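# Analysis of the macromolecular model
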Amino acid sequence: MKQIFLTAACAAALGLSAIACGSGKQSDTADADSVATPAAGLLSSLTDVVANGKVVFGHHDDTAYGHDWQYEAGRSDVLETAGRYPGLMNWDLGLIEYGDSVQLDGVPFEFIRAEVRAQDERGGINAISWHPRNPVSGGDSWDVSAAPVADAVTDGTAVNDTLRAWIGRAADFVASLTDADGRRIPVLFRPWHEHTGSWFWWGKDHCTPEQYKALWRLTREVFDARGVDNVVWVYSPDRIAAAEEYTERYPGDEYVDILGADAYHFGGEEGTDEFRARVRLQLDAAKALSDKNGKIIALSETGLEGLGMDHWYTEVLLPLLGEYPVAYVCVWRNAMSTVKPGHFYAPYKGHSAEADFKAFSDNDKILMAGFVGK
Ligand code: BMA
């Protein structure tokens, strides 16, 4: 990943959130106090992507496993169907909070560290999501039997101590992602995602807007106290009933770099119109905020589980990407069929949507690995 030097003014022009850019250390004099962060380099690349009318294609856990394989060096269902690795790979930190060595879907953290570096070396980018466990019930992210956010954001409580420690472990892992020269590799980080739904313990029915915003502030506080400078922060609401819901829990421009949207296609062919409407409602809201604050936007998670439509990529996704200046789009994982049958979002070798996916990835607009620095 190319490194760039920026002044505070440049960083502001790029829309980089204040703290990631080293606020507090900045001055108005360009030479006196230029800042160079890996995060700024990544944001700059993505700003170029948007300016050139392109979109980076991403896939979760791309090289960890696929439809019928796992942990085979160099393998990727996307590579085997599109002919190239995705431009973005997403990795999830679930269970890092416990200090475990393997994340929630069985991927070793050391594997993730190596793959982040490999993806960086091939001219692609990396993103990180996090499904932490419920700090009160001990259940998973989807366990909403206890609502811990109110206590978690209140200093002096046991849950606050726990969450600070958990976020600290996530921050330490992210800070430890380095290239062969020891330089930190920038990543997109998308904490507390899909909070406009109520399926996660940080979701809308389980905390107030103020508490949710405080959760972001707490997260930034812990990362920034450690000097983690390789994070581009992504805000990613899921479904909303009206545009106002997109901003209701927005933590503020100083905490966020990219305005994302998570939106899945449900119900196969029949669900297409509903999916389009949902993506448009969310991206219209992201775009409206972006018009005010200059941040770039993204379709941070999407997909059609099981890919039951052979032309979904060229006929549903690609036209939608053409309607908005999104920097990237990321589809979810291809679980091994023996572990979670039918849970895949990119085709695999021999799947009937293979040719369509290849055409999608070959489209001029779509960026696969190798795009960085070009
Ligand atoms: C969900 C599914 C689960 C997985 C979780 C975290 O969308 O893919 O099987 O455990 O994400 O990666």
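In this text the structure is predicted, and so the values were computed from the model without any measurement.

Another point: the packing of aromatic side chains. One pass over the full model with this rule turns up 28 aromatic pairs. Over the ring of Tyr-85 we find Arg-122; its NZ or CZ atom is 3.8 Å from the centre of that ring.

We now examine the site of the ligand. Surveying the vicinity of the ligand reveals the residues Leu-104, Asp-105, His-131, Trp-142, Trp-332, Arg-333, Lys-340 and His-343. Trp-332 has a polar side-chain atom sitting 3.0 Å from an oxygen atom of the ligand. Side-chain polar atom of His-343 to an oxygen atom of the ligand: 2.5 Å apart, as the coordinates give it. A total of 310 Å² of accessible area belongs to the ligand in isolation, and the protein chains cover 80% of it. Tallied by class, the residues present in the shell around the ligand amount to three nonpolar, two polar and three charged.

Attention shifts here to the nonpolar core. Of all hydrophobic cores here, the largest spans 91 residues; its most connected members are Phe-57, Trp-192, Phe-223 and Tyr-313. If you tally residues by element for this core, the top one is helix H6 (residues 158–175), at nine residues. Not counting chain neighbours up to four residues away, the residues in contact with Phe-57 comprise Val-78, Pro-86, Gly-87, Leu-88, Tyr-313, Val-329, Val-331, Phe-357, Phe-360, Ile-366, Leu-367 and Met-368.

This part covers the packing of helix H10 (residues 312–323) against helix H11 (residues 354–362). Packing of H10 against H11 brings their axes to within 8 Å, and their N-to-C directions diverge by 25°. Compared by their axis directions, H10 and H11 come out roughly parallel. Each of Trp-312, Tyr-313, Thr-314, Leu-317, Leu-318 and Leu-321 in H10 lies in contact with H11, whose residues at this interface are Asp-356, Phe-357, Ala-359 and Phe-360. Taken together, the residues of the contact of H10 with H11 break down into eight nonpolar, one polar and one charged.

For the rest of this paragraph, the subject is the environment of Val-55. With respect to the secondary-structure elements, Val-55 resides in strand E1 (residues 55–60). Residue Val-55 is classed as buried on the basis of its relative accessible area of 0%. Not counting the four nearest positions on each side in its chain, Val-55 is found in contact with Val-49, Leu-321, Val-326, Ala-327, Tyr-328, Val-329, Lys-365, Ile-366 and Leu-367.

Let us now look at helix H4 (residues 109–121). The terminal C-alpha atoms of H4, which comprises 13 residues, lie 18 Å apart, in line with the 18 Å expected from a rise of 1.5 Å per residue. The inward-facing, buried residues of H4 contact strand E4 (88–92), strand E5 (125–129) and H6. One or two steps after H4, the chain reaches Gly-123, where phi turns positive at roughly 80°.

About the criteria used
Residues numbered from 1 in each chain as written. Predicted model: local features only at pLDDT ≥ 70, side-chain atom pairs only at ≥ 80, totals over all residues. Heavy atoms only, no water. Phe/Tyr/Trp six-rings, centres within 6.5 Å; stacked < 30°, edge-to-face > 60°. Lys NZ or Arg CZ within 6 Å of the ring centre and 35° of its normal. Near = heavy atom within 4 Å. Polar contact = N/O pair within 3.5 Å; in protein donor to acceptor, adjacent residues only side chain to side chain. Areas by Shrake-Rupley, 256 points an atom, 1.4 Å probe, with all protein chains shown as cover. Nonpolar A, V, L, I, M, F, W, Y, C, P; charged D, E, K, R; others polar. Core = buried A, V, L, I, M, F, W, Y, C linked by side-chain atoms within 4.5 Å. Buried < 20%, exposed > 50% of the residue type's maximum accessible area, 1.4 Å probe, protein only. Helix = DSSP H or I, 4+ residues; strand = E, 2+ residues; numbered from the N terminus. Contact = heavy atoms within 4.5 Å. Axes fitted to C-alpha atoms, helices over the stretch in contact; angles between N-to-C directions. Parallel < 35°, antiparallel > 145°, perpendicular 65-115°, else oblique. Expected span 1.5 Å × (residues − 1).

Taken by themselves, the reported measurements are silent on function.
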